[in-house]
Amino acid sequence: MTDIILKSAACILTMDDDRRELAGADIRIRDGVIAEIGHGLEGGEIDLAEGCLVTPGLVNTHHHLYQSLTRAVPAAQDALLFGWLQTLYPIWARFGPEEMFVSAQVGLAELALSGCTLSSDHLYLYPNGSRLDDTIAAAAEIGLRFHPTRGAMSIGESDGGLPPDALVEREAAILEDCIRVVDAFHDPAEGSMCRVGIAPCSPFSVSRELMRDAAILARDKGVMLHTHLAENDEDIAYSLEKFGCRPGQYAEDLGWTGADVWHAHCVKIDGQEIDLFAKSGTGVAHGPCSNCRLGSGIAPVRAMRDAGMKVGLGVDGSASNDSGNLVAEARQAMLLQRVAGGADAMSAREALRIATRGGAEVLGRPDCGQIAVGKRADIALWDMRGIEAAGSWDLAAILLAGPLKVRDLFVEGRKIVSMGTLLSVDLPVLMDRQRKLALKLAM
Ligand SMILES: [Zn+2]
């Protein structure tokens, strides 16, 4: 394959170990990898990056792509978490494979346009023949690096749980399907485009046994574990009442700590839990928009980072954001820490580092998340000559002043977005398809 040379970037924010910021430099992409960084590179297909800030592609560590067809549902707009879920469950119960495929493409397209090159997904309900396979097929077409997780719920209403019985599965069947999708789709190799994780929805929607068995299975298969944890006050109260301990303790008891585990939210974890996660290498997917949207609170991200915890960003499901713009999420992460801790609580550069390298660390991808020789060529170009960045004295502070959409996006050296247009999928056709499905669901 011909080399691609990204030429004359106004600024390259590398997120490498030395936190280098390079002016007027070039990047050589060869066979999906960053082969060279320097000035005056030649011998390849030239792609002009003049006027652009170049960053590593952003990494999304928590999403429920299927929710992209249920944004701004009126009855759920102002509900708290548990009431919100009970409003949406009956709508999601009507989904099938086509809804899963189309919603995943919508969510991934939105992520791509906002600079994301690697996304995880947490799919925990499988109505009417839906499978994880539907979302994996969707991601392959869009061209993003994808970490789908096989989620699950097993405690339905008749067992005292929140979801309707029609949306829960038998635990034996859940574990069987986890094995099936890991064997079929998980690629552990460096540069992998698809890694599968195992992800019971939350401690309140599956049994203690399934949490434990999922952890054993994940270790046996060498895949990662993911769930929701300590999202809000109700969540903590539930844990204390049902399990007699806080969520961190529950997680530790069942094997849910370690470098191969990441938890979504952790808004309400305390100092002890932060120490536990920091020492064990357990990661967190921080979702500031979702936390604001659902009124869950402000996650102690400053304390997590200071303790050495791995923190990444997640837009969370579109039904609880209701946007899926990852660079906007990074801006929100910066702003929300400032609400809690003052104007110096988080810089624009730190929030962007969390959104790129931080996310790659959380997902166990040292080969991604930075612009350095030998790393995967997952790269976002931001045009800083538009109105959003006009007057900016510091292009690298894109989260303070800068565009919320990429100009170009490369994944594994392949151009997915060019001049703000998604190349891999015909967006108007996709939008037409999603409108029809959303209308049917609203009937
Ligand atoms: Zn979530």
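As shown above, the structure is provided for reference.
Sequence order sets the numbering: in each chain, residues are counted from 1 along the sequence as written. Only residues with pLDDT of at least 70 get local features here, since the model is predicted, and only at 80 or more are side-chain atom pairs given and counted; chain-wide, interface and lining totals rely on the full set of residues. Derived side-chain values reflect all non-hydrogen atoms in the structure, with water molecules and hydrogen atoms excluded from consideration.

What follows deals with the overall build of the protein chain. A count of helices and strands for the protein chain gives 13 helices and 19 strands. Computed over C-alpha atoms, the radius of gyration of the protein chain comes to 21 Å, within 12% of the 22 Å expected from 2.2 N^0.38 for 443 residues, which places it in the range of a compact globule. Considering only C-alpha atoms, the protein chain reaches an extent of 65 × 45 × 40 Å along its principal axes. Contacts are assigned to residue pairs that have any heavy atoms within 4.5 Å of one another. For the protein chain, contacts bridging at least 24 residues in sequence account for 75% of all contacts bridging at least 6. Accessible surface, the protein chain as shown: approximately 15,900 Å² in total, 53% of it carbon and sulfur. Secondary structure elements follow DSSP: runs of H or I of four or more residues count as helices, runs of E of two or more count as strands, with numbering from the N terminus. Each radius of gyration reported is based on C-alpha atoms, and the globular scaling rule is 2.2 Å times the count of residues to the power 0.38. Areas reported as accessible are Shrake-Rupley estimates using a 1.4 Å probe. Residue values count occlusion only from the protein chains shown.

On to the packing of aromatic side chains, then. When the centres of two rings from Phe, Tyr and Trp lie within 6.5 Å, Trp using its six-membered ring, the rings pair. Their planes under 30 degrees apart give stacked, over 60 give edge-to-face, and anything left gives tilted. Scanning the entire structure with this criterion turns up 8 aromatic pairs. On the basis of an interplanar angle of 85° and a centroid distance of 5.8 Å, the ring pair of Tyr 66 and Tyr 124 is categorised as edge-to-face. Here Tyr 66 is found in the loop between strand S8 (58-60) and helix H1 (81-92), whereas its partner Tyr 124 is found in the loop between strand S9 (116-123) and helix H3 (132-142), with 58 residues between them in sequence. The classification of residues rests on relative accessible area computed with a 1.4 Å probe and restricted to protein chains. Under 20% of the type maximum is buried, over 50% is exposed, and intermediate values are partly exposed. On the basis of relative accessibility, which here comes to 3%, the residue Tyr 124 falls in the buried class. With 3.9 Å between their ring centres and 10° between their planes, Phe 243 and Tyr 250 make a pair best called stacked. Tyr 250 sits in the buried class, given a relative accessible area of 1%. Grouped by ring-pair contacts, the aromatic residues Tyr 66, Trp 84, Tyr 89, Trp 92, Phe 95 and Tyr 124 constitute a single cluster. Arg 150 extends its terminal NZ or CZ atom over the ring of Tyr 126, reaching a point 4.0 Å from the ring centre. Charge-over-ring contacts are defined here by two conditions on Lys NZ or Arg CZ: a distance within 6 Å of the ring centre and an angle within 35 degrees of the ring normal.

Turning our attention to the packing of helix H2 (residues 97-113) against H3. To obtain each axis, a line is fitted to C-alpha atoms, and for helices this fit is confined to the stretch in contact; angles are then taken between N-to-C directions over 0 to 180 degrees. Running from amino to carboxyl end, H2 crosses H3 at an angle of 35°, the nearest separation of the two axes being 8 Å. Crossing angle aside, the handedness with which H2 passes H3 is right-handed. Taking contact as the criterion, the partners of Pro 97, Met 100, Phe 101, Ala 104, Gln 105, Leu 108 and Ala 109 in H2 are, on H3, Asp 134, Thr 135, Ala 137, Ala 138, Ala 139, Glu 141 and Ile 142. Crossing handedness is read from the near helix: turned anticlockwise from the far helix by less than a right angle, it gives a left-handed crossing, and turned clockwise, a right-handed one.

This part covers the side chain of Arg 376. By the element assignment, Arg 376 lies in the loop between helix H12 (348-362) and strand S16 (379-383). Here Glu 412 takes part through its side chain, which lies 2.6 Å from a polar atom of the side chain of Arg 376. Apart from the residues lying within four places of it in its own chain, the contact partners of Arg 376 are Asp 31, Gly 32, Val 33, Ile 34, Arg 145, Glu 190, Gly 191, Asp 367, Cys 368 and Glu 412. The term polar contact refers here to a pair of N or O atoms within 3.5 Å; inside protein, the definition further demands a hydrogen-donor-capable atom paired with an acceptor-capable atom, and it admits residues adjacent in sequence only when both atoms are side-chain atoms.

What follows deals with the sheet that holds strand S1 (residues 4-7). Taken in spatial order, the 4 strands make up an open sheet running S5-S4-S1-S6, and their pairing is mixed. At either end of the open sheet lies a strand with only one pairing partner, and these are strand S5 (33-38) and strand S6 (45-48). Between one strand and the next, the sheet's axes are offset by a mean angle of 25°, whatever the strand orientation. As paired strands, S1 and S6 are joined by 4 bridges and run parallel to one another. The partner of Leu 6 across the bridge, within S6, is Asp 47. Strands pair, by our definition, only if DSSP identifies at least two bridges between them.

We now examine the nonpolar core. To qualify as a nonpolar core, a set must consist of buried Ala, Val, Leu, Ile, Met, Phe, Trp, Tyr and Cys residues joined through side-chain atoms within 4.5 Å. The biggest cluster of nonpolar side chains holds 119 residues, and the ones touching the most others in it are Trp 84, Trp 92, Leu 144, Trp 256, Met 304, Trp 382 and Leu 399. With 10 residues, H2 is the single largest residue contributor to this core. Excluding its chain neighbours within four sequence positions, the residues that come into contact with Trp 256 are Ile 198, Pro 200, Met 211, Ala 214, Ala 215, Leu 225, His 226, Thr 227, Ala 251, Val 261, His 263 and Thr 282. Counting residues in hydrophobic clusters, the runner-up holds 18 residues, among them Leu 22, Ala 25, Cys 52 and Ile 371.

Here we take up the coordination of the zinc ion. Think of the donor list as every N, O and S atom within 2.8 Å of the metal, or within 3.2 Å for Na, K and Ca; water never makes the list, so a site can look incomplete. The coordination sphere of the zinc ion contains the protein donors His 62 (NE2), His 64 (NE2), His 228 (NE2) and Asp 316 (OD), at a distance range of 2.1 to 2.4 Å. The coordination sphere of the zinc ion comprises 4 donor atoms, whose angles at the metal cover 89 to 177°; the geometry is irregular. Mapping the donors of the zinc ion onto the primary sequence gives the spacing H-x1-H-x163-H-x87-D. Of this pair, His 62 sits in the loop between S8 and H1 while Asp 316 sits in the loop between strand S15 (310-313) and helix H11 (326-341); the two residues are 254 residues apart in sequence, bridging distant segments of the chain. All geometry calls rest on donor angles, where a four-donor set with angles between 85 and 135 degrees is tetrahedral, four- and six-donor sets with opposite donors more than 155 degrees apart and all others between 65 and 115 are square planar and octahedral, and all else is irregular.

Attention now moves to helix H13 (residues 427-442). The span one expects for a helix is its residue count, reduced by one, times 1.5 Å. The end-to-end C-alpha separation of H13 is 22 Å, in line with the 22 Å expected for 16 residues at 1.5 Å each. When we look at burial in H13, the residues that qualify are Leu 430, Gln 434, Leu 437 and Leu 441. In an axial view of H13, the angular spread of the buried residues amounts to 65°, which keeps them on one side of the axis. Away from its buried face by more than 90 degrees, H13 exposes Pro 428, Val 429, Lys 436, Leu 439 and Ala 442. Of all possible arcs, the one meant is that of the directions from the helix axis to the C-beta atoms.

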